[in-house]
Number of protein chains: 2
Amino acid sequence: MTATAATTAAATPATPATLAGRTPADARARYRAGLAVPSSGEAPGFTQANLVVVPQDWAFDMLLFGQRNPQPVPMLDVTDPGSFRTVLAPDADLRSDLPRYRVWRDGELTDEPTDVTDLWSDDLVAFLIGCSFSFETALLDAGVPVRNIEQGRNVSMYRTNRACRPAGRLSGPLVVSMRPVPGEHVVTAVQVTGRMPQVHGAPVHVGAPSSLGIADLGQPDFGDPVDFADGDVPVFWACGVTPQAALMASRPPFAITHAPGHMFVTDVPDAAYRQ
Amino acid sequence: MTATAATTAAATPATPATLAGRTPADARARYRAGLAVPSSGEAPGFTQANLVVVPQDWAFDMLLFGQRNPQPVPMLDVTDPGSFRTVLAPDADLRSDLPRYRVWRDGELTDEPTDVTDLWSDDLVAFLIGCSFSFETALLDAGVPVRNIEQGRNVSMYRTNRACRPAGRLSGPLVVSMRPVPGEHVVTAVQVTGRMPQVHGAPVHVGAPSSLGIADLGQPDFGDPVDFADGDVPVFWACGVTPQAALMASRPPFAITHAPGHMFVTDVPDAAYRQ
């Protein structure tokens with residue numbers, strides 16, 4: 001459930017029923033073969049992750065940015081320099097197994113390939129970061145409606161007036177995702193997501209967008225506007241766009257990320273991240 | 001509640017009643033003035049932390065070791081290179097405010113000063129790591145007896161047959177602390193500490209030391225033997241000695257740690273780490 005600072009992600013369709021039962025390995029094989037579609041709804045029940053890849057010179061700053069800002073940047077795994085393997089899916093190849101990538105040079109988006117094997121080098125370190133797809137499943141399981149899924153749209157995301165704690169060359173605002181939650185379900189939404197700190201955890205704010213510096217919920221900075229039903233309250237969670245926005249603003253010479261909505265599908269059940 | 005790979009820590013006395021009510025700033029001022037006593041029982045209700053300081057060249061490996069082994073190495077804060085300030089106690093000076101330090105050169109213990117200001121340099125990065133003192137308070141609050149405190153001894157610690165996940169040049173076994181827990185309190189002990197993942201969290205094992213490769217509970221690798229009462233069961237938690245043992249085994253050219261039991265007293269209430 002991510003976008004980048006440069007682009008508003010296209011609307012993501014709700015889970016097609018035909019995907020039910022596909023395994024993470026099946027999904028990754030299809031992406032490896034060239035399928036370039038958003039991963040929403042793939043391998044239901046398995047965790048999907050944000051990908052950020054930077055040169056080794058930037059790796060300490062990135063890891064420290066996560067340590068200091070665990071709600072927006074929950075680090076699920078960090079690779080050894082040069083490695084394209086992760087414990088989250090031992091058979092996967094991080095260079096080819098995502099549906100689509102983005103390539104950044106000096107902070108500018110330069111390409112959106114479906115494979116980055118040719119760009120990989122021994123100098124690169126990959127960060128896999130928790131994603132709110134996991135807690136959306138948990139919300140649905142708990143009977144909390146998720147309006148962006150109902151409406152077939154990407155979630156709404158906003159820059160806030162809260163600064164992340166800087167780490168070396170990396171700094172930037174907290175970016176949040178917002179979901180309209182029926183008032184009677186707000187407590188359940190807090191409790192369910194609070195038990196999943198590795199996929200952003202409990203909300204950072206409930207109900208008053210202006211106190212986060214958000215003037216108009218209808219004009220998100222990333223993603224799509226999402227309609228409110230009568231009695232819905234805006235609930236805000238820390239968002240995985242935060243590290244990408246900080247990274248791009250600091251203009252490293254080279255970086256690779258996933259393309260918005262085109263996540264890494266892991267072998268880890270969502271339930272592994274429920275406390 | 002730590003020792004180092006090189007030394008068995010001396011027994012630590014139980015909390016003296018006279019310390020009740022002392023603030024973290026009071027405690028640090030006494031240490032800064034030269035008092036060199038174990039910090040057990042100081043500033044009750046406030047979090048104490050393990051300290052590890054390494055050159056910048058080793059900082060990524062140390063931070064990654066924590067990311068990959070969060071139970072034994074829960075990172076509470078990491079300083080900017082050269083800084084001796086931490087958000088855990090903004091007025092504290094990490095070079096002088098611990099009761100006693102250890103200085104390591106090429107993996108060998110070379111000194112145990114009460115101040116390391118003269119040894120500090122712009123190249124050093126400090127790691128503050130969660131400590132089981134915090135959950136011992138929570139256990140007592142929940143009515144679970146803590147035998148090592150009752151007996152005025154340091155907790156028993158053991159090397160296990162479980163390897164930590166390596167990170168760069170750092171590798172080593174999981175070290176655990178063991179507390180005898182009355183059988184009827186084991187569930188409470190699991191639940192209470194499970195709510196405190198930043199201070200080692202839930203136990204890693206209950207009841208069968210041989211499956212961890214521990215032959216004789218009466219002969220701990222670090223700390224003191226602790227007596228069992230009738231009906232007590234051995235309960236094992238990941239231990240903050242783990243990163244020190246790995247660091248010393250890998251022999252960095254220079255490192256500073258706290259001396260066993262002589263922790264950093266923070267301004268953060270223990271309750272801040274209870275979920």
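Residues numbered from 1 in each chain as written. Chains lettered and ligands numbered in written order. Predicted model: local features only at pLDDT ≥ 70, side-chain atom pairs only at ≥ 80, totals over all residues. Heavy atoms only, no water.

An unreviewed UniProt entry annotates chain A as Putative hydro-lyase SAMN06272737_108107 originating from Blastococcus mobilis. Annotation of chain A in UniProt includes, under Sequence similarities (unreviewed entry), the sentence "Belongs to the D-glutamate cyclase family." (UniProt positions renumbered as here; feature names shortened; annotations may be inferred.)

Novice: Residue-level account of the overall build of chain A, with values.
Specialist: A tally of regular secondary structure across chain A gives six helices and 12 strands. Per-residue burial over chain A gives 57% buried out of 275 residues. (Helix = DSSP H or I, 4+ residues; strand = E, 2+ residues; numbered from the N terminus. Buried < 20%, exposed > 50% of the residue type's maximum accessible area, 1.4 Å probe, protein only.)

Novice: Lay out the sheet that holds strand 7 (residues 173-182) of chain A in plain terms, naming residues and giving numbers.
Specialist: All names here are of chain A. In spatial order, the strands read 8-10-7-6-9; together these five strands make up an open sheet with antiparallel pairing. Looking at the sheet topology across the chains shown, the edges are occupied by strand 8 (205-206) and strand 9 (222-223). Pairing of strand 7 with strand 10 (residues 232-238), which is carried by seven bridges, proceeds in the antiparallel orientation. Counterpart to Pro 180 in the pairing with strand 10 is Pro 234. (Pairing = 2+ DSSP bridges.)

Novice: Give a description of helix 3 (residues 133-141) of chain A that names residues and reports values.
Specialist: Residue and element names in this part refer to chain A. All buried positions along helix 3 are accounted for by Phe 133, Ser 134, Phe 135, Glu 136, Ala 138 and Leu 139. For helix 3, the elements touching its buried residues are strand 1 (46-55), helix 4 (147-150), strand 7, helix 5 (186-194) and strand 10. Gly 143 sits one or two positions beyond helix 3 and adopts a positive phi of about 85 degrees. (Contact = heavy atoms within 4.5 Å.)

Novice: Outline the relation of the copies chain A and chain B, supporting the account with residue identities and numerical values.
Specialist: Rotating chain A by 180 degrees and moving it 0.0 Å along the rotation axis overlays it on chain B with an RMSD of 0.0 Å. A rotation of that kind, with that shift, is consistent with a two-fold axis. Closest approach to the rotation axis within chain A is made by the C-alpha atom of Phe 60 of chain A, at a distance of 2.6 Å. A shared interface surface links the copies, since 100% of the contact residues of chain A are contact residues in chain B too. (Least-squares fit on C-alpha atoms with pLDDT ≥ 70 in both.)

Novice: Report on the sheet that holds strand 10 (residues 232-238) of chain B, specifying residues and quantitative values.
Specialist: All names here are of chain B. Taken in spatial order, the five strands make up an open sheet running 8-10-7-6-9, and their pairing is antiparallel. Both outer strands of the open sheet, strand 8 (205-206) and strand 9 (222-223), are each paired with one neighbouring strand and no more. The sheet contact formed by strand 6 (residues 156-163) and strand 9 spans two bridges and is antiparallel. Its bridge partner lying in strand 9, Ser 156 is registered against Gly 223. Across the sheet, helix 5 (residues 186-194) is in contact with strand 7 (173-182), strand 8 and strand 10; its angle to strand 10 comes to roughly 15 degrees. (Axes fitted to C-alpha atoms, helices over the stretch in contact; angles between N-to-C directions.)

Novice: So what's going on with the pairing of strand 4 (residues 108-111) of chain B? Which residues, and what values?
Specialist: All names here are of chain B. Sheet topology note: the strand 3 (residues 101-105)/strand 4 ladder contains three bridges and is antiparallel. Looking across to strand 4, one finds that Trp 104 is bridged to Leu 109. Hairpin remark: strand 3 followed by strand 4, antiparallel, with two residues in the connecting loop; positive phi at Asp 106, about 50 degrees.

Novice: Explain the pattern of salt bridges residue by residue, including any values.
Specialist: Summed over all chains, the structure comprises 30 salt bridges over all chains. The residue Arg 169 of chain A makes a salt bridge to Asp 57 of chain A at a minimum N-O spacing of 3.1 Å. Taken together, the residues Arg 169 of chain A in the loop between strand 6 (156-163) and strand 7 and Asp 57 of chain A in helix 2 (residues 56-68) connect sequence positions 112 residues apart. Using a relative accessible area of 53% as the deciding quantity, one classes Asp 57 of chain A as exposed. In this structure, the salt-bridge partner of Asp 77 of chain A is Arg 165 of chain B, at a minimum N-O distance of 2.8 Å. Of this pair, Asp 77 of chain A sits in strand 2 (residues 75-78) while Arg 165 of chain B sits in the loop between strand 6 and strand 7, each in a different chain. The exposure class of Asp 77 of chain A is buried, given its relative accessible area of 0%. A relative accessible area of 25% means that Arg 165 of chain B is categorised as partly exposed. (Salt bridge = Lys/Arg side-chain N within 4 Å of Asp/Glu carboxyl O.)

Novice: Describe the interface of chain A and chain B, listing the residues and the values that go with them.
Specialist: It is common to give the size of an interface as the accessible area that goes away when the parts come together. Each side of the interface is counted separately: chain A has 18 residues, and chain B has 18 residues. Summed over both partners, the interface of chain A with chain B comes to about 1,400 Å²; 54% of that surface belongs to carbon and sulfur atoms. Broken down residue by residue, the surface that chain A buries against chain B is led by Phe 60, Leu 63 and Gln 67 of chain A, which jointly contribute 38%. At the boundary of chain A with chain B, the tally comes to four salt bridges. (Buried area = accessible area lost by both parts, 1.4 Å probe.)

Novice: Describe unusual backbone geometry, listing the residues and the values that go with them.
Specialist: Leave glycine aside and you will find that most residues have negative phi; peptide bonds, for their part, are mostly trans. All names here are of chain B. Phi is positive for Asp 106, which is not a glycine, with a value near 50 degrees. Structurally, the position occupied by Asp 106 is in the loop between strand 3 and strand 4. On the accessibility criterion, Asp 106 (45% relative accessible area) is partly exposed. Its identity is not glycine, yet His 200 carries a phi of approximately 90 degrees, on the positive side.

Novice: Which residues make up the domain arrangement of chain A, and what values go with them?
Specialist: Residues and elements named next belong to chain A. As far as domains go, chain A holds domain 1 (17-132 + 244-273) and domain 2 (135-242). Each of domain 1 and domain 2 has a C-alpha centre, and these two points are 21 Å apart. Counting residues at the interface gives 23 residues for domain 1 and 26 residues for domain 2. Per-residue buried area on domain 1 facing domain 2 is highest for Gln 71, Ser 132 and Tyr 273; these three make up 27% of the total on that side. Counting across the interface, domain 1 meets domain 2 through two salt bridges. (Domains from an automatic or database assignment.)

Novice: Which residues make up the packing of aromatic side chains, and what values do they have?
Specialist: By the definition in use, this model includes two aromatic pairs over all chains. Geometrically, the ring pair formed by Phe 135 of chain A and Trp 237 of chain A is tilted, given 5.1 Å between the ring centres and 35 degrees between the ring planes. Residue Phe 135 of chain A is located in helix 3, and its partner Trp 237 of chain A is located in strand 10; the two are separated by 102 residues in the primary sequence. A cation sits over an aromatic face here: Arg 169 of chain B above Trp 58 of chain B, 4.0 Å from the ring centre. (Phe/Tyr/Trp six-rings, centres within 6.5 Å; stacked < 30°, edge-to-face > 60°. Lys NZ or Arg CZ within 6 Å of the ring centre and 35° of its normal.)

Novice: For the nonpolar core, give the residues involved together with the corresponding values.
Specialist: Judged by nonpolar contacts, the single largest core of 66 residues is most densely connected at Phe 127 of chain A together with Phe 127 of chain B. Apart from residues lying up to four places away in sequence, Phe 127 of chain B is in contact with Asn 50, Leu 51, Val 52, Val 54, Ala 59, Met 62, Leu 63, Met 75, Asp 77 and Val 78 of chain B. (Core = buried A, V, L, I, M, F, W, Y, C linked by side-chain atoms within 4.5 Å.)

Novice: Would you mind going over the environment of Asp 141 of chain A in detail, with residue names and values included?
Specialist: All names here are of chain A. The residue Asp 141 is located in helix 3 in this model. Taking the C-alpha atoms as reference points, Asp 141 and Asp 57, 84 residues apart in sequence, are found 42 Å from one another. For Asp 141, the side chain forms a polar contact with the side chain of Arg 274, separated by 3.3 Å. (Polar contact = N/O pair within 3.5 Å; in protein donor to acceptor, adjacent residues only side chain to side chain.)

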